[in-house]
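Spelled out, the chains give:
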Amino acid sequence: GCLPALYNLLVFLPGLLVVGYISRLTRARGYLFWIALLERFALLLLVPLTLLWGRTHPGWLIGALFLIISVHAGAMGFNQPAYWVVVGKCVPPAWRGRLFGYAGGVAGLLGLGMGGLLDRLLSGPDGGFPHGYAIGFLIGFVRR
């Protein structure tokens, strides 16, 4: 329960701190790009750390998971205002609903497929740990 609460706090709170700065930018694309890289590559760190510490230092891995998810969610939070600026400039108002509707539909279908794949990765006598989890984190990095 703590992880989703922390994630939601860090996704929604930081945008309030940067919205004034982003509204003064003439182009938000550069800001969006660099923060998005931090957001994505933070998740990639979970792959080697899961393999490295999964069996030997599980406490360290849980701490790293919370830290990395905090960095990822915080970067998403700092990026939200820039993302909406870019969407507002690039997608005509009449198409925004369709964009999110189609994207949500495709994401839902892919999510159904991912559920089956992750079920397969995380099954077995050891619950897929640590290799199945590392592959799951890699998939999260690639698809995010």
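Residues numbered from 1 in each chain as written. Predicted model: local features only at pLDDT ≥ 70, side-chain atom pairs only at ≥ 80, totals over all residues. Heavy atoms only, no water.

The share of residues in the protein with pLDDT of 70 or more is 99%, and the mean pLDDT across the chain is 92. Looking at the elements of the protein, mean pLDDT is at its lowest for helix 7 (residues 131-143), recorded as 90, and at its highest for helix 4 (residues 46-53), recorded as 96. (pLDDT = per-residue confidence, 0-100. Helix = DSSP H or I, 4+ residues; strand = E, 2+ residues; numbered from the N terminus.)

A separate point is the side chain of threonine 50. For threonine 50, the position within the fold is in helix 4. A relative accessible area of 1% means that threonine 50 is categorised as buried. The contact partners of threonine 50, leaving out residues within four places of it in the chain, are Leu61, Phe129, Pro130, Tyr133, Ala134 and Phe137. (Buried < 20%, exposed > 50% of the residue type's maximum accessible area, 1.4 Å probe, protein only. Contact = heavy atoms within 4.5 Å.)

Moving on to the nonpolar core. Counting residues in each nonpolar core, the largest one holds 13 residues, and the members touching the most others are Tyr7, Val11, Leu43, Leu46, Leu49, Ile68 and Ile69. Residue assignment for this core shows that the elements contributing at least two residues are helix 1 (2-12), helix 3 (29-44), helix 4 and helix 5 (58-90). No other element matches helix 5, which puts 6 residues into this core. Core analysis: the next-biggest nonpolar cluster, separate from the first, contains 6 residues, Val18, Ile22, Ala28 and Leu32 among them. (Core = buried A, V, L, I, M, F, W, Y, C linked by side-chain atoms within 4.5 Å.)

Attention shifts here to the packing of aromatic side chains. In total, this model carries 7 aromatic pairs according to the counting rule given. Seen from their ring centres, tyrosine 83 and tryptophan 84 are 5.0 Å apart, and the 70° between their planes marks the pair as edge-to-face. The exposure class assigned to tyrosine 83 is partly exposed, which follows from its relative accessible area of 35%. Counting every residue linked through ring pairs, the aromatic cluster contains Tyr83, Trp84 and Phe100. Sitting above the plane of the tryptophan 95 ring, arginine 98 keeps its charged end 4.2 Å from the centroid. (Phe/Tyr/Trp six-rings, centres within 6.5 Å; stacked < 30°, edge-to-face > 60°. Lys NZ or Arg CZ within 6 Å of the ring centre and 35° of its normal.)

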